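Reading the structure
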Amino acid sequence: MFEKAKIGIPCPKCGHKTEKTVAWIKANDNFTCGDCGSTITVDAENLLAGLQKVEKSVADFRKKLRGLSKRR
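Residues numbered from 1 in each chain as written. Predicted model: local features only at pLDDT ≥ 70, side-chain atom pairs only at ≥ 80, totals over all residues. Heavy atoms only, no water.

**A closer look at the pattern of salt bridges**
In this structure the tally under the stated criterion is 2 salt bridges. Residue glutamate 3 is joined to lysine 26 by a salt bridge in which the shortest nitrogen-to-oxygen separation is 2.5 Å. You can see glutamate 3 sitting in the segment before strand S1 (6-10) and its partner lysine 26 sitting in helix H1 (residues 22-27), a full 23 residues away along the chain. One salt bridge in this structure joins aspartate 60 and lysine 56, with 3.0 Å as the shortest N-O distance. Of the two residues, aspartate 60 and lysine 56 both sit in helix H2 (residues 44-71), 4 residues apart, roughly one turn of that helix. (Salt bridge = Lys/Arg side-chain N within 4 Å of Asp/Glu carboxyl O. Helix = DSSP H or I, 4+ residues; strand = E, 2+ residues; numbered from the N terminus.)

See below:
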């Protein structure tokens, strides 16, 4: 659902934020900061676990909305 959503990932060394899509994060473990050249390791496991919770909440909300619209 959020594959194209962008997330700003800050560099722990210089603070520069680099935007990456959720799809990119799922496929990659690290990247190089465009400002200072540091290698940034993404904790994709925790990030993706949080996104799964959000996706479930959105899906549940949509079901509730559909249920409300059917009552009318």
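Let us keep going from here.
**Observations concerning the nonpolar core**
If you look at the biggest cluster of nonpolar residues, it comprises 8 residues: Ile9, Cys11, Ile25, Phe31, Cys33, Ile40, Val42 and Ala44. Setting aside its immediate chain neighbours within four residues, cysteine 33 contacts Cys11, Cys14, His16, Ser38 and Ile40. (Core = buried A, V, L, I, M, F, W, Y, C linked by side-chain atoms within 4.5 Å. Buried < 20%, exposed > 50% of the residue type's maximum accessible area, 1.4 Å probe, protein only. Contact = heavy atoms within 4.5 Å.)

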